[in-house]
Amino acid sequence: MDKSFPLSADAHEDIIINHPEDSVLSGWSSVAVHSGHKKDPNYAHLVPIYASSTFVYDEAEQGMRRFSGKEEGYIYSRWGNPTFSEAENKIAALETFRVKYNGSPVQAKGILHASGMAAITTLMVATLKQGDKILTHFSLYGGTEELITNILPPLGIGHTITDLRDLNKAEDLLRKDRSIRLLYIETPANPTIQCVDIEELAKLASQYNVLVACDNTFATPYLQQPFRYGVDFVIHSTTKFLNGHGTAIGGILLARNTELMKTRLRVLAKTLGGNANPFDAFMLINGMKTLEIRMVRHCQNALEVAHFLENHPSVSKVNYTGLESHPDRNIALKQMRHPGAMMSFELKKGLQGGIDFMNKLKMCVRTVSLGTCDTLLSHPASMTHYSVPKEEKEKYGITDGLIRMNVGIENIQDILNDLNQALK
Ligand SMILES: *Cc1c(COP(=O)(O)O)cnc(C)c1O
């Protein structure tokens, strides 16, 4: 085991209670299991799937109070639903568990969405207007890149894409271009597992009054809590590790400014209409209860797989921040509990080598996506990036023999055996 990254969440940390209702929950998994749950009026153990589009009033006056905001309560499921609330409150509790910023415990509020992309869309509409710009890193999730480079520009929202690991360059851009209003970061990022320094970037952004959003999908709050460094928004595709089993699409937008979340953000999210659905929220809630034990196993397996691949004669390079060879290892050490379960590696035999390897897999699964219990492998050059020109691909570190891998929670020997026979 690599001792540089201690995997336990519960050792040697001060207990900071950010959500008063969680005052009996002092350990990570206790929060993951219990936080966000409200006692059911019918004594159901688990939150029911509230498959109801609207909510009723005892009398007309109650409807008045609900609509005017004088009384808390649900109105219409596009605006909110009890099953969504449990998921929202659980993720907010995990993203702020033991988190202090400037000496005070951080509170956060989240709005569950239909997908990660829906949450990112709400974020962009909420924070940007015509003439504004986004500053971001060149290694981004494909859908986010499409949104920033193709969908937003015709609406008058521009972007500057740079290498955010170069802090001097980031500062230079923020100082010279005052139309930059949002710093959008994703760390670790696809597919080279590049990391950017959340703390230093958030400090720079606050000097120039620029909002910061961080896509925390690859890390999960178990491995990294961006609110610790003063970012304003955290986004997840809950489709991935938070759900954990690949059973539903979902996303969440969380903000440290809870007032903003209850007012302007709530209005925006409900009007844009990218709301979640109760069944997917239910799958998410139950998946999150095992987040810690899954992540610990994912991470232990990933480190072993990385060492195995690094020493394999068919592999020319392994991109994993748990290895000394990764250029961003120190940034990962600073802000992550462990480098996580995502990695990529290059096969010496290029495109055909990649296709042959993928075809020989017996247990590991050939597919895109990530965050499931199963080990998933994809070959961008023959799959997701098949039609992208070579120069364009290489800009993002996608070589012909690159394989992306989500290391699952199966028995490690079975994973290694499958990879080994497929690499022959
Ligand atoms: C999958 C993913 C998204 C998009 O989420 P969807 O749920 O597919 O809409 C955004 N960011 C990252 C890092 C992702 O992996």
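Not measured: the values here are computed from a predicted model.

### Points about the overall build of the chain
Now for step 1: Each helix and strand in the chain was counted, giving 16 helices and 14 strands.
Now for step 2: Rg of the C-alpha trace for the chain: 22 Å, near the compact-globule value of 22 Å for 424 residues, within the 12% margin.
Now for step 3: Taken over the C-alpha atoms alone, the chain extends approximately 75 × 55 × 45 Å along its principal axes.
Now for step 4: Within the span of the chain, comprising 424 residues, buried residues form 54% of the whole.
Now for step 5: Counting only carbon and sulfur atoms, one obtains 53% of the accessible surface of the chain, whose full area is about 18300 Å².
Now for step 6: Of the charged side chains in the chain, 44 are positive and 46 negative, and the gap between their average positions amounts to 1 Å.

### Here we look at the sheet that holds strand β11 (residues 342-347)
Now for step 1: Reading across the sheet, the five strands line up as β10-β11-β14-β13-β12 and stay open at both edges, with mixed pairing between neighbours. Lying at the two open borders of the sheet, with one neighbouring strand each, are β10 (315-319) and β12 (365-366).
Now for step 2: Sheet topology places β12 next to strand β13 (residues 376-378); two bridges connect them, and they run parallel. Of the residues in β13, the one forming a bridge with Val-365 is Leu-376.
Now for step 3: Running over the sheet, helix α14 (residues 350-360) touches β11, β12, β13 and β14 (402-406) and is turned about 125° from β11.

### Details of helix α2 (residues 60-68)
Now for step 1: The set of residues buried in α2 consists of Gln-62, Gly-63 and Arg-66. In an axial view of α2, the angular spread of the buried residues amounts to 105°, which keeps them on one side of the axis. Exposed side of α2, more than 90 degrees from the buried face: Ala-60 and Met-64 are the residues found there.
Now for step 2: One or two positions beyond α2, positive phi appears at Gly-69, with a value near 85°.

### A short note on the domain arrangement of the chain
Now for step 1: Annotation of the chain at the domain level lists domain 1 (20-288) and domain 2 (292-423).
Now for step 2: The centre of domain 1, based on its C-alpha atoms, is set 27 Å off from the matching centre of domain 2.
Now for step 3: On the side of domain 2, 34 residues touch domain 1, which itself brings 35 residues to the contact.
Now for step 4: Each partner contributes to the roughly 2900 Å² buried at the junction of domain 1 and domain 2, and carbon and sulfur atoms together form 57% of this total.
Now for step 5: By the criterion of area lost to domain 2, the three top residues of domain 1 are Tyr-222, Leu-223 and Phe-241, representing 26% of everything that side buries.
Now for step 6: The tally of links between domain 1 and domain 2 comes to three salt bridges.

### Describing the packing of aromatic side chains
Now for step 1: Applying the stated criterion across every chain yields a total of six aromatic pairs.
Now for step 2: Taking 5.2 Å as the distance between ring centres and 70° as the angle between the ring planes, the aromatic pair formed by Trp-28 and Tyr-222 counts as edge-to-face. Here the residue Trp-28 occupies a position in helix α1 (residues 28-34), and Tyr-222 occupies one in helix α8 (residues 220-223), the gap between them amounting to 194 residues.
Now for step 3: The exposure class assigned to Trp-28 is buried, which follows from its relative accessible area of 1%.
Now for step 4: A relative accessible area of 0% means that Tyr-222 is categorised as buried.

### A look at the site of the ligand
Now for step 1: Contacts to the ligand come from 13 residues, most closely from Met-117, Asp-215, Ser-237, Thr-239 and Lys-240.
Now for step 2: Between Met-117 and the ligand, the recorded distance is 2.9 Å, taken from a backbone N or O atom to an oxygen atom.
Now for step 3: Note that an oxygen atom of the ligand is positioned 2.7 Å from one of the side-chain N or O atoms of Thr-239.
Now for step 4: Burial of the ligand by the surrounding chains reaches 93%, relative to a free accessible area of 380 Å².

### Observations concerning the layout of surface pockets
Now for step 1: By volume, the largest pocket is sized at about 1400 Å³.
Now for step 2: Taken together, 43 residues line the largest pocket, and the ones lying closest to its centre are Glu-72, Tyr-74, Ser-85, Lys-109 and Arg-266.
Now for step 3: Among the secondary structure elements, those contributing two or more residues to the lining of the largest pocket are α2, α3 (82-96), α9 (258-262) and α10 (264-272).
Now for step 4: For the lining of the largest pocket, the element with the highest residue contribution is α3, accounting for eight residues.
Now for step 5: Split into classes, the residues belonging to the lining of the largest pocket amount to 16 nonpolar, 13 polar and 14 charged.
Now for step 6: If you add up the space inside the second largest pocket, you get close to 800 Å³.
Now for step 7: Around the second largest pocket sit 40 residues that line it, and Leu-140, Tyr-141, Gly-142, Gly-143 and Asn-190 are the ones nearest its centre.
Now for step 8: Among the elements of the structure, α4 (116-127), α5 (142-151) and β8 (233-237) are those that each provide at least two residues to the lining of the second largest pocket.

### Here we look at the side chain of Asp-280
Now for step 1: By the element assignment, Asp-280 lies in helix α11 (residues 278-288).
Now for step 2: Although Asp-280 lies buried, it forms no salt bridge, and the closest oppositely charged side chain, Lys-240, sits 14 Å away as judged by the N-O distance.
Now for step 3: Engagement of the side chain of Asp-280 in a polar contact is seen with the side chain of Asn-277, the distance being 2.8 Å.
Now for step 4: For Asp-280, the residues in contact, after removing those within four places along its chain, are Ala-248 and Ile-249.

### Here we look at the sheet that holds strand β6 (residues 180-186)
Now for step 1: Strand order in this open sheet of seven strands is β3-β9-β8-β7-β6-β4-β5, and the pairing throughout is mixed. Only two strands of the sheet have a single partner each, and these edge strands are β3 (109-113) and β5 (158-162). Pairwise comparison of adjacent strand axes, ignoring direction, gives a mean angle of 20° for this sheet.
Now for step 2: Two strands pair when backbone bridges link them, and strand β4 (residues 133-137) and β6 are joined in this way by four bridges, in the parallel orientation. Opposite Thr-136, over in β6, you have Tyr-184 as the bridge partner.
Now for step 3: Where α10 meets the sheet, it contacts β3 and β9 (251-255), and its direction lies at approximately 0° from that of β3.

### A closer look at the pairing of β5
Now for step 1: For β4 and β5, the ladder comprises five bridges, and the chain directions are parallel. For His-137, the partnering residue across the bridge sits in β5 and is Thr-162.
Now for step 2: With α5 bridging β4 and its parallel neighbour β5, the resulting β-α-β unit is right-handed.

Here is what the cut-offs are and how they apply
Residues numbered from 1 in each chain as written. Predicted model: local features only at pLDDT ≥ 70, side-chain atom pairs only at ≥ 80, totals over all residues. Heavy atoms only, no water. Helix = DSSP H or I, 4+ residues; strand = E, 2+ residues; numbered from the N terminus. Rg over C-alpha atoms; globule rule 2.2 N^0.38 Å. Buried < 20%, exposed > 50% of the residue type's maximum accessible area, 1.4 Å probe, protein only. Areas by Shrake-Rupley, 256 points an atom, 1.4 Å probe, with all protein chains shown as cover. Lys, Arg positive; Asp, Glu negative; His and termini not counted. Charge placed at Lys NZ, Arg CZ, Asp CG, Glu CD. Pairing = 2+ DSSP bridges. Contact = heavy atoms within 4.5 Å. Axes fitted to C-alpha atoms, helices over the stretch in contact; angles between N-to-C directions. Arc of directions from axis to C-beta. Domains from an automatic or database assignment. Buried area = accessible area lost by both parts, 1.4 Å probe. Salt bridge = Lys/Arg side-chain N within 4 Å of Asp/Glu carboxyl O. Phe/Tyr/Trp six-rings, centres within 6.5 Å; stacked < 30°, edge-to-face > 60°. Near = heavy atom within 4 Å. Polar contact = N/O pair within 3.5 Å; in protein donor to acceptor, adjacent residues only side chain to side chain. 1 Å grid on protein atoms, 1.4 Å probe; cavity = no way out; pocket = protein on both sides within 12 Å on 5 of 7 lines; lining within 4 Å. Points joined across faces, edges and corners; volume = space filled by probe spheres on them. Nonpolar A, V, L, I, M, F, W, Y, C, P; charged D, E, K, R; others polar. Right-handed = clockwise from strand over helix to strand, strands pointing away.

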